[in-house]
Amino acid sequence: MPRAIRGVLVECEPSIKSIIINIDRKNHDYIIEDLDETHLVIQENMIANLKMHIEDVLKDSYQKVKHIDDSDEDMI
């Protein structure tokens with residue numbers, strides 16, 4: 001018997017989509033369907049959790065960039 005999964009259509013920039021795919025790659029908990037370069041169908045009950053993971057990844061990236069920028073200033 002077919003089983004249905006509730007999903008949410010997400011439209012995002014390709015860079016954010018890449019982050020989502022990398023997060024999902026570990027356990028395949030989030031993505032139901034990868035539609036095109038800017039659209040995904042995400043499990044409805046996992047949206048809040050996914051947002052938290054994306055924010056963490058973006059914060060980590062920002063911290064790394066900020067640290068590199070700070071190091072460059074020391075060299076001037």
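Under an unreviewed UniProt entry, the chain has the name General transcription and DNA repair factor IIH subunit TFB5 and belongs to Coniochaeta hoffmannii. Taken verbatim from the UniProt record of the chain, the Sequence similarities (unreviewed entry) comment is "Belongs to the TFB5 family." Taken verbatim from the UniProt record of the chain, the Subcellular location (unreviewed entry) comment is "Nucleus".

### Comments concerning the overall build of the chain
A count of helices and strands for the chain gives 2 helices and 3 strands. N-terminal to C-terminal, the α/β element order of the chain is β-α-β-β-α. For the chain, with 76 residues in total, the buried portion stands at 24%. Entry remark: accessible area of the chain is about 6,200 Å², with carbon and sulfur atoms responsible for 53%.

### Focus on the nonpolar core
It is characteristic of soluble globular proteins that their nonpolar side chains tend to be buried jointly. In this structure, Ile20, Ile23, Tyr30, Ile42, Leu50 and Ile54 are the most contacted members of the largest nonpolar core, which totals 13 residues. At the level of elements, α1 (14–24), β3 (39–43) and α2 (47–75) are the ones that each hand at least two residues to this core. If near-sequence neighbours (up to four positions away) are discounted, Tyr30 is found in contact with Ile23, Asp24, Val41, Ile42, Gln43, Met46, Asn49, Leu50 and His53.

### Section: a negative patch on the surface
On the surface, Glu11, Glu13, Asp36 and Glu37 cluster together into a negatively charged patch. With respect to the element layout, Glu13 can be found in the loop between β1 (7–11) and α1.

### Some details on the sheet that holds strand β2 (residues 31–36)
Reading across from one edge, β1-β3-β2 is the order of the 3 strands in this open sheet, with antiparallel pairing throughout. Whereas interior strands pair on both sides, the edge strands pair on one side only; in this sheet they are β1 and β2. Ignoring which end each strand starts from, the neighbouring axes of this sheet average 20° apart. Direction of pairing for β2 relative to β3: antiparallel, over a ladder of 4 bridges. Along β3, the bridge assignment pairs Asp36 with His39. Sitting on the sheet, α1 is in contact with β2 and β3, with an inclination near 150° to β2.

### A word on the side chain of Asp24
Locating Asp24 in the fold gives a position in helix α1. Among buried Asp, Glu, Lys and Arg side chains, Asp24 stands out as unpaired, with Arg25 the closest opposite charge at 7.7 Å. A polar side-chain atom of Asp24 sits 3.1 Å from the main-chain amide nitrogen of Ile31. Residues within four places of Asp24 in sequence aside, it is in contact with Asp29, Tyr30 and Ile31.

Criteria and cut-off values
- Each chain has its residues counted from 1, running along the sequence as written.
- Local features in this predicted model are restricted to residues whose pLDDT is 70 or higher, and side-chain atom pairs enter the listing and the counts only when it is 80 or higher, whereas totals over whole chains, interfaces and linings include all residues.
- Neither water nor hydrogens contribute to the side-chain values; these are computed over all heavy atoms in the structure.
- UniProt positions are given in the numbering used here, feature names are shortened, and annotations may be inferred rather than shown by experiment.
- Where helices and strands are cited, they refer to DSSP runs of H or I of at least four residues and of E of at least two residues respectively, numbered from the N terminus.
- The buried label applies to any residue whose accessible area, calculated with a 1.4 Å probe on protein chains only, is under 20% of its type's maximum; exposed applies above 50%, and partly exposed to all values in between.
- Computed with the Shrake-Rupley method and a 1.4 Å probe, the accessible areas treat only the protein chains shown as cover for residues.
- Nonpolar core, defined: a set of buried Ala, Val, Leu, Ile, Met, Phe, Trp, Tyr and Cys residues in which side-chain atoms within 4.5 Å join the residues together.
- Contact between two residues is taken to exist if any of their heavy atoms lie within 4.5 Å; hydrogens are not considered.
- Only residues above 30% relative accessible area that lack a salt bridge enter a patch, with like-charged residues linked at up to 9 Å and the nonpolar side chains Val, Leu, Ile, Met, Phe, Trp and Tyr linked at up to 5 Å.
- By convention in these notes, a salt bridge is any Lys or Arg side-chain nitrogen within 4 Å of a carboxyl oxygen on Asp or Glu.
- By the counting rule applied here, Lys and Arg register as positive and Asp and Glu as negative, while His and the ends of each chain are not counted.
- Charge placement uses NZ in Lys and CZ in Arg. For Asp and Glu, CG and CD serve respectively.
- Strands are labelled as partners when DSSP assigns at least two bridges between them.
- Axes here refer to lines fitted to C-alpha atoms; in helices the fit is confined to the stretch in contact. Angles between the N-to-C directions go from 0 to 180 degrees.
- Polar contact is defined as a pair of N or O atoms within 3.5 Å, subject to the rule that within protein one atom must be able to donate a hydrogen and the other to accept it, and that residues adjacent in sequence are counted only when both atoms are side-chain atoms.

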